[in-house]
Amino acid sequence: MTFIFFGLQSLDQTLALDEPLRQRVALRYRLSAMDEDSTAAYIRHRLRVAGAVTGDFRPEAVALIHHYARGSPG
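Residues numbered from 1 in each chain as written. Predicted model: local features only at pLDDT ≥ 70, side-chain atom pairs only at ≥ 80, totals over all residues. Heavy atoms only, no water.

## Considering the overall build of the protein chain
Reasoning step 1: A tally of helices and strands in the protein chain yields four helices and zero strands.
Reasoning step 2: For the protein chain, the N- to C-terminal ordering of α and β elements is α-α-α-α.
Reasoning step 3: Relative to the globule expectation of 11 Å for 74 residues, the C-alpha radius of gyration of the protein chain, 18 Å, shows a markedly less compact shape.
Reasoning step 4: For the protein chain, the spread of C-alpha atoms along the three principal axes comes to 50 × 25 × 15 Å. (Helix = DSSP H or I, 4+ residues; strand = E, 2+ residues; numbered from the N terminus. Rg over C-alpha atoms; globule rule 2.2 N^0.38 Å.)

As C-alpha cells, this is what we get:
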C-alpha cells in the first residue's frame, strides 16, 4: 500500500510524533518558493491554459504579484 502525503512544514512535526510511520516515509521533497522569473512563467502558463490569447502582465505587476504571493502559486 502506498500513501502520498502533501502538507505544510508542520507535516514533519506531525510525523515526528509517530516514529514508526515516519520511518516508513521513503521520500521527502520540499518545494521551494518560485523566483520572479518562474512566477512570470507560471502566470503566462495559467493564462494560456485558461484560453487567453494575449494579456501578459507588465513587469511591475509581476513583481508585485511575486512579492505578495511570496513565491507561492497557491
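## Some thoughts on the packing of helix α3 (residues 36–49) against helix α4 (residues 59–69)
Reasoning step 1: Close contact between α3 and α4 brings their axes to 9 Å; oriented N to C, the two are set at 105°. Judged on the interaxial angle alone, α4 and α3 are roughly perpendicular. The segment α3 lies against α4, with Glu-36, Thr-39, Ala-40 and Ile-43 engaging Pro-59, Val-62, Ala-63, Ile-65 and His-66.
Reasoning step 2: Among the residues forming the contact of α3 with α4, the class breakdown is six nonpolar, two polar and one charged. (Axes fitted to C-alpha atoms, helices over the stretch in contact; angles between N-to-C directions. Parallel < 35°, antiparallel > 145°, perpendicular 65-115°, else oblique. Contact = heavy atoms within 4.5 Å. Nonpolar A, V, L, I, M, F, W, Y, C, P; charged D, E, K, R; others polar.)

## Here's the deal with the pattern of salt bridges
Reasoning step 1: Summed over all chains, the structure comprises four salt bridges.
Reasoning step 2: Residue Arg-22 is joined to Glu-19 by a salt bridge in which the shortest nitrogen-to-oxygen separation is 2.7 Å. Here the residue Arg-22 and the residue Glu-19 both occupy positions in helix α2 (residues 19–23), the gap between them amounting to three residues, near one helical turn.
Reasoning step 3: The partly exposed category is assigned to Arg-22, whose relative accessible area is 32%.
Reasoning step 4: Glu-60 is the partner of Arg-58 in a salt bridge, and the nearest nitrogen-oxygen pair spans 3.4 Å.
Reasoning step 5: Taking the relative accessible area as the measure of exposure, Glu-60 reaches 49% and is therefore partly exposed.
Reasoning step 6: What emerges from the salt-bridge pattern is a single network uniting Asp-12, Arg-28 and Arg-30. (Salt bridge = Lys/Arg side-chain N within 4 Å of Asp/Glu carboxyl O. Buried < 20%, exposed > 50% of the residue type's maximum accessible area, 1.4 Å probe, protein only.)

## Describing a nonpolar patch on the surface
Reasoning step 1: Among the surface-exposed residues, Met-1, Phe-3, Phe-5 and Leu-21 lie close enough to one another that they form a single nonpolar patch of about 510 Å² accessible area.
Reasoning step 2: Mapped onto the secondary structure, Phe-5 falls in the segment before α1 (10–16).
Reasoning step 3: For Phe-5, a relative accessible area of 43% gives the class partly exposed. (Patch = residues over 30% accessible without salt bridge, like charges linked within 9 Å, V, L, I, M, F, W, Y side chains within 5 Å. Areas by Shrake-Rupley, 256 points an atom, 1.4 Å probe, with all protein chains shown as cover.)

## Quick notes on the confidence of the model for the protein chain
Reasoning step 1: Considering every residue of the protein chain, the mean pLDDT works out to 87; 100% of them sit at 70 or more.
Reasoning step 2: Of all secondary-structure elements in the protein chain, the lowest mean pLDDT belongs to α1, at 83, while α4 reaches the highest, 95. (pLDDT = per-residue confidence, 0-100.)

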